[in-house]
Amino acid sequence: MLITVENLSHTFGDKKLYEKVSFRVLRGEKIGLIGANGTGKTTLIKILGGDVSPDEGSITINPNIKIGYLDQYAKLNGKLTIQEYLKSAFSDLLVLSDELDSINSELRKTSDEETMHRLIRQATRIREKLESHNFFQIDSEVAKIASGLGLTAIGMDRPIAKLSGGQKVKLMLAKVLLEVPELLILDEPTNFLDAEHVEWLIKFLKEFKGAFLIVSHNEEFLNNVCNRIIEVEFTSLTKYKGNYQDYLIKKQMRIDSYEKEYIKDQKERARLTEYINKNKARASTSKLAKSREKQLAKMKPMAKLKKLPEPHFKFTYKPVSAETLLKVNNLEIGYYYSLLPAMSFKLANREKLSLQGFNGIGKSTLLKTLIGELKPIKGHFEFFSDVVIGYYAQDHIWENDELSALQVIQNEYPTLTHNEIRSRLASCGIVDEVAVQPIKSLSGGEQAKVKLCRILFKPCNVLLLDEPTNHLDHNAKVALVKAIKEFPGSVIFVTHENEFAGEITNKVFNIESLLVD
C-alpha cells in the first residue's frame, strides 16, 4: 500500500467535488486520473500532494516511500541554470559528496593513525552510499532525462528566468523523474511536450519500476502507460482495471447494465402502481393492493443515469472573397535575434494548416508574430485586407483574473445581453456557478473553454490556435474538432496531439525543414 484515501469529501466554492470517496494506490499500479473539466482532478492531486486540506476524510501515506509530485505552479529560482536545477534533484547526495571531500581533506592533513582509521571508515561508508545511489553517474542521468524532454536543445546553461512557462513545467517534470520516487504524482505532464518527447515519456513510464498517478486528457498517452483508470464523475470515483481502452469498454458495459436494470425497475414500478390503483378500492382485492404497496415501498429507488452536458462550439464566420489570405516572404522571427532561417509560405482560403516541429523551435513565436504581438526580425508577411483573425493563446493569462467568465465576455462584447452570454457560455460547458466565479478559481480546462467562448463571438475568417486542446476533456476535444471542420475559413494551429491534428489537417508546414541544409 502506498496511499489509502477514506471517506474523502471536498467542496470548492459552492461546488461539491467528492462525497465520501475511498480508494487505494498500490505498488505496481500505473493510474490515469480522468474526468470532465472542473470535476476536481487537479484538486485531488493537490490534496494528495499536501497543497490542499480536504473538508473531510483521511489520507494515509506510507511513511517509507518517496513521492515525486509535479506542481506546475511552483516558483523557481530564476538565477539557477537548467543544469543546476536538475542536479538539485540529488541534493542529499551532493551534501554527502561535500562531506566526503571534507573528510578526504582532513585525511591529507593528519598523521595520527587513529584519526586516519576513523576518517577512512567514514569515507568508506559515504562512498558506498554514493555508489549504491549511482552518484557518479549523475551527469549522464541528467543528460539523458534532459535530452528526452527536449531541455538540452534549449541550453543547459540557460537561466530559469529566461524560460517560457511551458519550458519551466518541462524542467520541473525532468527533476521529478530524476528523483526516482516510489510514487509519481503528475498533473497533465504531456501538455507542453511535442510528439517526440511524449513518446520518450511513454517509454520512460513503461520502464518505470514505481507506481504513478497521472492526470491527463491525452487518451493515446493513457492507453500506452496505464494499467488502472480512476474516473472522477458526479462527486464519486470509480476505479477500472486496464488501460484507457479497457476503461471505455468496461464503463459502457456498466452503463448498459445500469440502463437495463433501470428500465426493468421502471416497468416493475409501473406494473405495481397500476395494480394498486385498480384494486385498492375493491374490498375483494384491497388486501392484495396493500401488499403490493408495501412491496413498492420497499423497492430501493434507482436514479436515472446522469449524463454530462455535451459542449458545443461554433465559430462565427466573416465571408472573404480572396483565395490567398496570407503571404509570408523571407520572414525571420524571434524576440531579439532570429530563431530560424527565413521562411516563406502561403495560406489559402479554407486551408487547415498544421504547424509542426520540435518543442521550442518557434511555432508559438510565429503565431505571435502573425498577430502583431512580436515584430519580425527580417522579411515581411501580409494578410488579405478583409482578413479578421481569431487568436487562441497557449498560456492562460488574463488581464484581471478576479473577473468571472461572464464579466470577461461582457467587457469584450458590451452589446451582448446577459442571456446571450450565459447561453453561449453554457454551450461551451461553463454553466451555473462556474460562470460567475473568478477566472482564477476555474480549472485549466474551464479556463480554456472561456477562452474559446471569447473567440466564438467574434466574426472572423482566419483562426490562429496555439495548443487549443491543452486541458480540454474528451467531449470538448470532439466538439472542437467538429467546429474546426465546419468553419468555412482558414486555420493555422499548433498541437502536440497527433490524433487531433489528423482529424482536421489538410496542409502541413514542418518548421524543422528550415534547418535542413
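Digging into the overall build of the protein chain
- Of regular secondary structure, the protein chain possesses 16 helices and 17 strands.
- Along the first, second and third principal axes, the C-alpha atoms of the protein chain reach 115 × 75 × 40 Å.
- Buried residues in the protein chain amount to 46% of all 517 residues.
- Counted over contacts in the protein chain with a minimum sequence separation of 6, partners at least 24 positions apart contribute 71%.
- Approximately 26,500 Å² of the protein chain is accessible, and the part contributed by carbon and sulfur atoms is 50%.

Concerning the domain arrangement of the protein chain
- As far as domains go, the protein chain holds domain 1 (1-66 + 181-242), domain 2 (78-177), domain 3 (248-298) and domain 4 (324-514).
- For domain 1 and domain 2, the distance between their C-alpha centroids amounts to 30 Å.
- Taken residue by residue, the interface counts 10 residues in domain 1 and 12 residues in domain 2.
- Regarding the contact of domain 1 and domain 2, the summed buried area is about 990 Å², with carbon and sulfur atoms giving 82% of it.
- Among the residues domain 1 hides against domain 2, the three largest losses belong to F192, H197 and W200. Together they make up 51% of the total.
- For the interface between domain 1 and domain 2, the tally reads 0 salt bridges.

What to know about the sheet that holds strand 15 (residues 462-466)
- Reading across from one edge, 14-15-16-12-17 is the order of the 5 strands in this open sheet, with parallel pairing throughout. In this open sheet, the two edge strands, each paired with only one partner strand, are strand 14 (389-392) and strand 17 (507-510). Strand-to-strand, the axes of this sheet are offset by a mean angle of 15°, without reference to chain direction.
- Relative to strand 16 (residues 490-494), strand 12 (residues 352-356) is paired through 4 bridges, and the arrangement is parallel. Paired with L355 across the two strands is V494, which belongs to strand 16.
- Packed on one face of the sheet, helix 14 (residues 444-456) meets strand 14 and strand 15 and runs near 175° to strand 14.

Things to note about the packing of aromatic side chains
- Overall, the coordinates contain 11 aromatic pairs when judged by the stated rule.
- With a centroid separation of 5.4 Å and 25° between ring planes, the pair formed by W200 and F204 is classed as stacked. One end of the pair, W200, and the other, F204, are both in helix 7 (residues 195-207), 4 residues apart, so they sit about a helical turn from each other.
- Centroid distance Y317 to F487: 5.8 Å. Interplanar angle 85°. Geometry classified as edge-to-face. Here Y317 is found in the loop between helix 10 (286-298) and strand 10 (324-332), whereas its partner F487 is found in the loop between helix 15 (474-486) and strand 16, with 170 residues between them in sequence.
- Of the residues examined, F487 reaches a relative accessible area of 3% and is grouped as buried.
- Cluster of aromatic residues (ring-pair linked, three or more members): W200, F204 and F208.
- The ring of Y275 has R292 sitting right over it, with the charged end atom 4.7 Å from the ring centre.

A closer look at the sheet that holds strand 4 (residues 56-61)
- Read across the open sheet, the 3 strands follow the order 2-1-4; overall the sheet is antiparallel. Because the sheet does not close on itself, it has two edges, and the strands there are strand 2 (15-25) and strand 4. Here the average twist between neighbouring strands, direction ignored, is 20°.
- Both strand 1 (residues 3-12) and strand 2 contribute to a ladder of 7 bridges, which runs antiparallel. Paired with H10 across the bridge in strand 2 is Y18.
- Along the sheet, helix 1 (residues 41-49) contacts strand 1, strand 2 and strand 4; its crossing angle with strand 2, the most-contacted strand, is approximately 55°.

Procedures and definitions
- Residues numbered from 1 in each chain as written.
- Predicted model: local features only at pLDDT ≥ 70, side-chain atom pairs only at ≥ 80, totals over all residues.
- Heavy atoms only, no water.
- Helix = DSSP H or I, 4+ residues; strand = E, 2+ residues; numbered from the N terminus.
- Buried < 20%, exposed > 50% of the residue type's maximum accessible area, 1.4 Å probe, protein only.
- Contact = heavy atoms within 4.5 Å.
- Areas by Shrake-Rupley, 256 points an atom, 1.4 Å probe, with all protein chains shown as cover.
- Domains from an automatic or database assignment.
- Buried area = accessible area lost by both parts, 1.4 Å probe.
- Salt bridge = Lys/Arg side-chain N within 4 Å of Asp/Glu carboxyl O.
- Pairing = 2+ DSSP bridges.
- Axes fitted to C-alpha atoms, helices over the stretch in contact; angles between N-to-C directions.
- Phe/Tyr/Trp six-rings, centres within 6.5 Å; stacked < 30°, edge-to-face > 60°.
- Lys NZ or Arg CZ within 6 Å of the ring centre and 35° of its normal.

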